[in-house]
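Descriptive structure summary
Residues per chain are reported as follows:
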Amino acid sequence: MEKVKILAAGEQGLVIEFGEAIDFEINARVHRTARLIKSKFGEEVIEVVPTYRSLMVYFDPLRIQRAELVQNIKGLALAATAGDEKKDAGKVVIDIPVFYGGELGPDLSFVASHNGLTEEEVIAIHTATPYLVYMIGFTPGFPYLGGMSEKIATPRLAQPRTKIPAGSVGIAGSQTGFYPIESPGGWQLIGRTPVKAFNACSQSPFLFEAGDYLRFVSVSQAEYDKIAAQVEAGEYKPATSVLGGGV
Amino acid sequence: MITIVKPGLLTTIQDEGRWGYQAYGMPVSGAMDRYAYRTANILAGNAAGAAAFEMTMLGATYRFETEALIAICGADMQATLNGEPVSNWSALSVQAGSELSFQFAAQGCRAYLAVQGGVDVPPVLGSRATYTRGQVGGKDGRALKAGDVIARGQASAHAFCQPKCLPAEWIPALGDQIAIRVLAGPQGDYFTEGGMETFFSSQYVISDEADRMGYRMDGAKIEHSKKPDIVSDALCLGAIQVPGHGMPIVMMADRQTTGGYAKIGTVIGPDLWKLAQAKPGDTVRFIRCTDEEAVEALRAENSRYEQLAAWAAAGSQPSGGGKRYQMKINGVSYKITVEAIN
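Residues numbered from 1 in each chain as written. Chains lettered and ligands numbered in written order. Predicted model: local features only at pLDDT ≥ 70, side-chain atom pairs only at ≥ 80, totals over all residues. Heavy atoms only, no water.

Quick notes on the overall build of chain A
A tally of regular secondary structure across chain A gives six helices and 14 strands. Computed over the C-alpha atoms, the radius of gyration of chain A is 20 Å, within 12% of the 18 Å expected from 2.2 N^0.38 for a compact globule of 247 residues. Expressed as lengths along the three principal axes of its C-alpha atoms, the size of chain A is roughly 55 × 40 × 40 Å. Taking all 247 residues of chain A together, the buried fraction comes to 54%. Carbon together with sulfur atoms contributes 52% to the accessible area of chain A, which is approximately 11,000 Å² in total. Both charge centroids of chain A, one from 23 positive and one from 28 negative side chains, sit 5 Å from each other. (Helix = DSSP H or I, 4+ residues; strand = E, 2+ residues; numbered from the N terminus. Rg over C-alpha atoms; globule rule 2.2 N^0.38 Å. Buried < 20%, exposed > 50% of the residue type's maximum accessible area, 1.4 Å probe, protein only. Areas by Shrake-Rupley, 256 points an atom, 1.4 Å probe, with all protein chains shown as cover. Lys, Arg positive; Asp, Glu negative; His and termini not counted. Charge placed at Lys NZ, Arg CZ, Asp CG, Glu CD.)

A short note on the side chain of D60 of chain A
Its place among the elements puts D60 of chain A in the loop between β4 (54-59) and α2 (66-79). In terms of polar contacts, D60 of chain A uses its side chain to reach the backbone amide nitrogen of L62 of chain A, at 2.9 Å. (Polar contact = N/O pair within 3.5 Å; in protein donor to acceptor, adjacent residues only side chain to side chain.)

Comments concerning the interface of chain A and chain B
Tallying the contact residues gives 40 residues for chain A and 43 residues for chain B. Both sides of the chain A and chain B interface together cover about 3,100 Å² of buried area, and 64% of this is carbon and sulfur. Here chain A and chain B share two salt bridges between them. The closest approach of N and O atoms between D291 of chain B and R66 of chain A, which form a salt bridge, is 3.3 Å. The interface formed by chain A and chain B holds 12 residue pairs in polar contact (both at pLDDT 80 or more) in total. (Contact = heavy atoms within 4.5 Å. Buried area = accessible area lost by both parts, 1.4 Å probe. Salt bridge = Lys/Arg side-chain N within 4 Å of Asp/Glu carboxyl O.)

Describing unusual backbone geometry
Residue and element names in this part refer to chain B. Residue P186 follows G185 across a cis peptide bond; omega there is 5 degrees. Topologically, P186 is positioned in the loop between β15 (177-184) and α2 (193-201). One non-glycine residue, N82, adopts positive backbone phi at about 50 degrees. Its place among the elements puts N82 in the loop between β6 (80-81) and β7 (84-85). A positive phi angle, close to 55 degrees, is found at W89, a residue other than glycine. Looking at where W89 falls in the secondary structure, it is placed in the loop between β7 and β8 (90-94).

Re the domain arrangement of chain A
Residue and element names in this part refer to chain A. Along its sequence, chain A is carved into domain 1 (5-83) and domain 2 (92-242). Between the C-alpha centres of domain 1 and domain 2 the distance comes to 30 Å. The interface of domain 1 with domain 2 comprises eight residues on the first partner and nine residues on the second. Sorting the residues of domain 1 by area buried against domain 2 places F24, H31 and Y52 first, and these three jointly supply 64% of that buried surface. When residues in the side of domain 1 that touches domain 2 are grouped by element, the largest group, three residues, is from helix α1 (residues 24-40). Counted by class, the side of domain 1 that touches domain 2 contains four nonpolar, three polar and one charged residues. (Domains from an automatic or database assignment. Nonpolar A, V, L, I, M, F, W, Y, C, P; charged D, E, K, R; others polar.)

Here's the deal with the nonpolar core
Judged by nonpolar contacts, the single largest core of 49 residues is most densely connected at F199, M217, V250, L275 and F286 of chain B. Considering every element that reaches this core, the biggest residue donor is helix α1 (residues 34-43) of chain B, with six residues. Those residues in contact with L275 of chain B that lie beyond four places of it in its chain are I180, I206, Y215, M217, V250, M252 and V284 of chain B. Core analysis: the next-biggest nonpolar cluster, separate from the first, contains 39 residues, M148, F206 and A210 of chain A together with M26 of chain B among them. (Core = buried A, V, L, I, M, F, W, Y, C linked by side-chain atoms within 4.5 Å.)

Observations regarding the layout of surface pockets
To find leftover empty space, one rolls a probe the size of a water molecule over the atoms. Residues and elements named next belong to chain A. In this structure, the second largest pocket encloses a volume near 720 Å³. Here the lining of the second largest pocket takes four residues from helix α6 (residues 221-232), the largest share from any one element. Along the lines of polarity and charge, the residues of the lining of the second largest pocket split into 17 nonpolar, nine polar and seven charged. (1 Å grid on protein atoms, 1.4 Å probe; cavity = no way out; pocket = protein on both sides within 12 Å on 5 of 7 lines; lining within 4 Å. Points joined across faces, edges and corners; volume = space filled by probe spheres on them.)

Some details on the packing of aromatic side chains
If you walk through the whole model with that rule in mind, you get 24 aromatic pairs over all chains. Ring geometry for Y131 of chain A and F216 of chain A: centres 5.7 Å apart, planes at 55 degrees, overall tilted. With a gap of 85 residues between them, Y131 of chain A in strand β6 (residues 131-136) and F216 of chain A in strand β13 (residues 213-218) connect regions that are remote in the sequence. F216 of chain A matches Y131 of chain A in its accessibility class, with the two residues each being buried. Linked through ring pairs, Y52, Y134, F138, F142, Y144, Y179 and W187 of chain A together constitute an aromatic cluster. Its guanidinium or amino end placed over the ring of W311 of chain B, K164 of chain B lies 4.4 Å from that ring's centre, counting from NZ or CZ. Sitting over the face of the ring of Y190 of chain B, K226 of chain B holds its NZ or CZ atom 4.6 Å from the ring centroid. (Phe/Tyr/Trp six-rings, centres within 6.5 Å; stacked < 30°, edge-to-face > 60°. Lys NZ or Arg CZ within 6 Å of the ring centre and 35° of its normal.)

Overview of the pairing of β4 of chain A
The two faces of a sheet get side chains in turn, since along a regular strand they alternate between them. Residues and elements named next belong to chain A. Of all six residues in β4, six are buried, a share of seventy percent or more. Along β4, one buried face is formed by S54, M56 and Y58 and the opposite face, lined by L55, V57 and F59, is buried too. The pairing of strand β2 (residues 13-17) with β4 spans five bridges and is classified as antiparallel. Across the sheet, I16 pairs through a bridge with L55, a residue of β4. Taken together, the five bridges between strand β3 (residues 45-50) and β4 define a ladder with antiparallel strand orientation. Within the sheet, the bridge partner assigned to V48 lies in β4 and is V57. A loop of three residues connects β3 with β4, the two strands running antiparallel in sequence. (Pairing = 2+ DSSP bridges.)

Here it is in structure tokens:
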């Protein structure tokens, strides 16, 4: 097991590093430790932010001294060791409906030809497995997903687009994901989802959290329009399932 | 109700920030200069966390549709009330129909206007702070426009208030040469010893790329010991990222929650107001400090707020505690407040 490093990030922050790599097991330890810290501490811990391989802890140094917090957290981080995969089975999988190709996915044909596949095969591969949300960052609700098949990996655009519409689903190298709000970017766009990762008007404003799984589901234009209307009315509830034993 | 007559350059509604949602990628936002913002709230008799107006470089003009107690703090934007100059760092009463007008900042960059009862817009995820890039919070997630009408919250019955000016010793001095304290790390090992030395011994000039998200500086190039990129992780307030170009970028209130560049250090919270009041072209020196010094500075800042609150309440009357009457004597209107004294 890799050593845990605890670093300072200003007088109110500390960072727990579990390793240097983007790795399923390291990320699982990050999320387990985040849950342990949230359950163990009260007001002295303000917020925890899990990322790929580290965890930021914001705390109030006037309520708890750094040395004491570090001591407690070391114990928790070590308790969240490897070999707990069973606890991750039963994690929720959230369906993300996508209309693939056409105007909403202008790069689908390029992704297909680049990999020597048909468009249907790209869609079949992209929708085949659930993707782990390693972390959320960059913009509200932007998921960093892991686990895409190398069969559909495609380099970024040489000339990034200045405006990518919200909901665009794309591929960049071996990464996949979707843009929650309109942004510039160089991803190959293969489709679009009508769902919003962040919706301030909804009762549960965020559709998913880091540690959840997302599965892309191919839908028709008619289904896309129907879901878009439900999202607009704040009535959309995503289909979910439970991840069966391991990944 | 308060009507925005002129919006100024960038006027937004801010509070202590939207904490608790960074794990979902939601930036914290909130007031850039927390000392000026909190002091304005104390002067206006508000509880901590009440939302206020933050103005940038060029202030706004407000018309008060009802009488109000207000407070002005931060950058000196040469405020006038119905054309008459009023003091910065002060609380004052305004009558219904009054116009309060701010000009270009003669000193500093950001001014705060607090109103008793707080600025009332619907909270989003527990905060009224405006995050313009994400169109979240404040007035429809955007900077204020001419014609916007903003509601005022209900003042607490226990709110103390009276027009008064902050004692001079509590008004921070602004200059164009800024020294800010920094705690090294978390990625100190991504820089050579020479690179660290450069960072702590050089003067940096604030570039034109300086906004609520972050301040990029120009100056001596900071040398990395390895590649400047890390696996993306969380960015705290005041984090100093150094990308491959070797220039420091200090992350401010609207910073993205995560970033992929090595961080040489973190500006301590109690010194961040100095950057919030700085402008492109101002020079900055980074001073290394210890964790003990940083925590002590935070303790000192917090006890200052306690002193301020005690001073503001001394000699004041509870604004909502008494009964108010209006009467006319010989054609002149009088407002009379009657309170029980035990």
